[in-house]
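# Working through the structure, step by step
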Amino acid sequence: MRELLLELEKAVQQQRPVCYTCLVETRGSTPQKPGAAMLIFSDGSQTGTLGGGCVEAEVKRRALRLIDAETPEIMTFQLDNDYGWDDGLICGGRMKVLVDPVRTEQDLRYYRSMIQLLETDRGCTEAIVIPPESAEGTSDPERILPDRFLIDAEANIIATRGNQEPPARLFDGLKPIKNRPRPYVSQGIAYLTFHQTCQLVIVGCGHIGQKVAALASEVDFDIIAVDDRQEYCNAERFPTAKQLIVGSFDTALGQLSVTPDTFIIIVTRGHNHDEEALGHLAGSDARYIGMIGSKRKVKLIFEDLLRLGTPREALAQVHAPLGFDIGSQTVPEIAMSIVAELIAFRNLDTLPEGYQRSSLVDEIKAPHPAS
């Protein structure tokens, strides 16, 4: 989204007519979900997508009619036979699309505030008041302008476009962005959510760590790779990593800045390194810690750390063995099972019921006190 908004800013600075379009509400089956955005230029070119196909072409056709207008609209599209003739696909849903001609620096102020808010990477919400339609299911919205409000992670209104005064119901439907809600509609207001990018620390840069990094970066994790071997922890093997830390695990893990939004997986090449890493990290502020290995290996590491004084409650928070049990055999399959677990915990703040499991630390008796 940030890149698209920068393109919008560039177009206005170059005095190039442009419409910002955004999918704000869907019902039924649609090619894209709320939050998808696209820029449409006067020559018919575009940046971004609303899902392609004939419905996107129709959005473009209507937007070009508004490109020199001064006010935005929300248009409704019923996805029936009219939008399926090119490939035989009929979604059967309905889409509401915001179409906003952006012509002047004044128009751009709201979008610049959005860019700044996204750059903080703390998460934010755009609330769009959807005007009532003249008739349900039609594509001719009333000429009531859609008011828009940018809301930061602390529920403060940062910028507005349209009415400066928010409706009384605006905050009734607002969900905390820290809970990573999907875009939703409540009481006639569409809430488009932009989530904070979570940091994923991969301790161990072998084949599994490398594959996890590649997959996790595709689903909006910022990667930090840690290993004691330069030949494994480097930009060639981890091209998407935001940071590479090379050094003994004792030293390297001391350089980490762990926050409540940090995810950590321990996938080193051996039992001793896994234990050393977990000893440093268990009980930290990390939102999620996972460690690879068989149940036997995990229990042995837990037993050692309990004897060394690691609190039992800290180990109980560790997800181990790491990854959903999907019968993984190969490195790509193992990496997929790990990333699926990371996504689930990030988006749901827990694991799905069928994948929840008790901690192996519960199967370990309390260690005998040292004599």
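Residues numbered from 1 in each chain as written. Predicted model: local features only at pLDDT ≥ 70, side-chain atom pairs only at ≥ 80, totals over all residues. Heavy atoms only, no water.

## Quick look at the overall build of the protein chain
Broken down by element type, the protein chain carries nine helices and 16 strands. Projected onto the principal axes, the alpha-carbon positions of the protein chain cover approximately 80 × 45 × 40 Å. Of the contacts formed within the protein chain by residues at least 6 apart in sequence, a portion of 59% connects residues at least 24 apart. When the accessible surface of the protein chain is totalled, it reaches about 17,900 Å², and 48% of it is carbon and sulfur. Once the 38 positive and 52 negative side-chain charges of the protein chain are each reduced to a mean point, those two points are 2 Å apart. (Helix = DSSP H or I, 4+ residues; strand = E, 2+ residues; numbered from the N terminus. Contact = heavy atoms within 4.5 Å. Areas by Shrake-Rupley, 256 points an atom, 1.4 Å probe, with all protein chains shown as cover. Lys, Arg positive; Asp, Glu negative; His and termini not counted. Charge placed at Lys NZ, Arg CZ, Asp CG, Glu CD.)

## Describing the environment of Gly 283
Inspection of the secondary structure puts Gly 283 in the loop between α6 (271-281) and β15 (288-291). In sequence terms Gly 283 and Gln 356 are 73 residues apart; their C-alpha atoms lie 20 Å from each other.

## Let's talk about helix α4 (residues 207-218)
Count 3.6 residues to each turn of an α-helix, and residues three or four apart come out pointing the same way. For α4, spanning 12 residues, the distance from its first C-alpha to its last is 17 Å, which sits close to the expected 16 Å at 1.5 Å a residue. By the burial criterion, the buried members of α4 are Ile 208, Gly 209, Val 212, Ala 213, Ala 216 and Ser 217. The buried residues of α4 occupy an angular sector of 150° when projected down its axis, which confines them to one face. Summarising the geometry of α4, the exposed residues directed more than 90 degrees from the buried face are His 207 and Glu 218. Those residues of α4 hidden inside the fold are in contact with β11 (198-203), β12 (221-227), β14 (262-266) and α9 (331-348). Asp 220 sits one or two positions beyond α4 and adopts a positive phi of about 70°. (Expected span 1.5 Å × (residues − 1). Buried < 20%, exposed > 50% of the residue type's maximum accessible area, 1.4 Å probe, protein only. Arc of directions from axis to C-beta.)

## Some thoughts on the packing of aromatic side chains
The full count for this structure, using the stated rule, is eight aromatic pairs. A centroid spacing of 5.6 Å and a plane angle of 90° characterise the contact between Tyr 110 and Tyr 111, whose relative ring orientation is edge-to-face. Per residue, the accessibility class of Tyr 110 equals that of Tyr 111, and both read buried. Relative to Tyr 288, the ring of Phe 263 lies with its centre 5.6 Å away and its plane at 20°, an arrangement referred to as stacked. In this pair, Phe 263 is assigned in strand β14 and Tyr 288 in strand β15, connecting sequence segments 25 residues apart. (Phe/Tyr/Trp six-rings, centres within 6.5 Å; stacked < 30°, edge-to-face > 60°.)

## Looking at the confidence of the model for the protein chain
Put simply, the protein chain has an average pLDDT of 89, and 91% of its residues get 70 or more. Below pLDDT 50 for its whole length, residues 83-90 participates in 15 contacts with residues either more than four positions away or in separate chains. Contacts for the low-pLDDT stretch residues 134-142, under 50 throughout, to residues beyond four places or in other chains number 15 contacts. (pLDDT = per-residue confidence, 0-100.)

## What about the pattern of salt bridges?
One pass over the structure, following the stated rule, counts 23 salt bridges. Its salt-bridge partner being Glu 58, residue Arg 62 comes within 3.2 Å of it at the nearest N-O pair. With a gap of four residues between them, Arg 62 and Glu 58 both fall in helix α2 (residues 53-66), about one helical turn apart. According to the relative accessible area criterion, Glu 58 is buried, its value standing at 14%. With its nearest N and O atoms 2.8 Å apart, the salt bridge here joins Glu 126 to Arg 148. Within this pair, whereas Glu 126 is found in strand β6 (residues 124-129), its partner Arg 148 is found in strand β7 (residues 148-152), the two being separated by 22 residues in sequence. Just as Glu 126 is buried, Arg 148 falls in that class too. Counted as one network, the salt bridges with shared partners bring together Asp 100, Asp 107, Glu 126, Arg 148 and Arg 161. (Salt bridge = Lys/Arg side-chain N within 4 Å of Asp/Glu carboxyl O.)

## Structural notes on the layout of surface pockets
Over the atoms a probe the size of a water molecule is rolled, and this reveals where empty space is left. A volume near 1,300 Å³ is recorded for the largest pocket. Along the walls of the largest pocket sit 41 residues, with Met 1, Thr 193, Phe 194, His 195 and Asp 220 positioned nearest its centre. If you list the elements that add at least two residues to the lining of the largest pocket, you get α1 (2-13), β1 (18-27), α3 (105-120), β9 (184-186), β10 (189-194), β12 and α9. Among the residues forming the lining of the largest pocket, the class breakdown is 18 nonpolar, 10 polar and 13 charged. (1 Å grid on protein atoms, 1.4 Å probe; cavity = no way out; pocket = protein on both sides within 12 Å on 5 of 7 lines; lining within 4 Å. Points joined across faces, edges and corners; volume = space filled by probe spheres on them. Nonpolar A, V, L, I, M, F, W, Y, C, P; charged D, E, K, R; others polar.)

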